[in-house]
Amino acid sequence: MQARIYQRPKNAMQSGKALTSQWVLDFVPAEAKKPDPLMGWAGSGDTRQQLSLRFPNKEAAIAYAEKYGIDAKLHESPPRRLKLQAYADNFR
């Protein structure tokens, strides 16, 4: 059972940073999705793909994975850099 732990990215469509401090544990798909013969929708028998666990910090997510024997890979997010500029800089 493999999983990945990552920090939620900021939504590109909005300026707010809500829920970006949360860490998420997602399971890696065990089997590929295949089309349903009747409807043509993509699906699989792997129900762990539907599961997404949220944690308040990275340490809690790692502790959960170790407690339940989940082989988790940590994906660190790059540090956020602020681009400070004045409105007048748009007209130079």
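Draft legend 1. How the structure looks around unusual backbone geometry. The residue L19 is not glycine, and still its phi comes out positive at about 65°. Mapping L19 onto the fold places it in the loop between β1 (2-7) and β2 (23-27).

Draft legend 2. View of the pairing of β1. One ladder, built from five bridges, connects β1 with strand β6 (residues 71-75); its direction is parallel. Residue pairing in the sheet places Q2 in a bridge with D71 of β6. Sheet analysis places β1 next to β2, joined by five bridges and oriented antiparallel. Each residue of the ladder has a partner; that of Y6, found in β2, is V24.

Draft legend 3. Broad picture of the pattern of salt bridges. One pass over the structure, following the stated rule, counts five salt bridges. The closest approach of N and O atoms between E76 and K58, which form a salt bridge, is 2.9 Å. Residue E76 is found in the segment after β6, and its partner K58 is found in helix α1 (residues 58-67); the two are separated by 18 residues along the sequence. Given the relative accessible area of 23%, K58 is considered partly exposed. Across the salt bridge formed by R92 and D89, the nearest N and O atoms sit 3.2 Å from each other. We classify D89 as partly exposed; its relative accessible area is 32%.

Draft legend 4. Structural view of the packing of aromatic side chains. Enumeration over the complete set of coordinates arrives at three aromatic pairs. Here the aromatic rings of F55 and Y64 are separated by 5.4 Å at their centres, their planes lie at 50°, and the arrangement is tilted. The exposure class assigned to F55 is buried, which follows from its relative accessible area of 12%. Judged by centre distance (4.7 Å) and plane angle (50°), the rings of Y64 and Y68 are tilted. What makes Y68 partly exposed here is its relative accessible area of 47%. An aromatic cluster is built from F55, Y64 and Y68, whose rings are joined through pairwise contacts.

Draft legend 5. Molecular detail of the confidence of the model for the protein. Per-residue pLDDT for the protein has a mean of 90; in total, 100% of the residues score no lower than 70. α1 holds the highest mean pLDDT among the elements of the protein, 96, whereas strand β4 (residues 42-43) holds the lowest, 89.

Cut-offs applied
Residues numbered from 1 in each chain as written. Predicted model: local features only at pLDDT ≥ 70, side-chain atom pairs only at ≥ 80, totals over all residues. Heavy atoms only, no water. Helix = DSSP H or I, 4+ residues; strand = E, 2+ residues; numbered from the N terminus. Pairing = 2+ DSSP bridges. Salt bridge = Lys/Arg side-chain N within 4 Å of Asp/Glu carboxyl O. Buried < 20%, exposed > 50% of the residue type's maximum accessible area, 1.4 Å probe, protein only. Phe/Tyr/Trp six-rings, centres within 6.5 Å; stacked < 30°, edge-to-face > 60°. pLDDT = per-residue confidence, 0-100.

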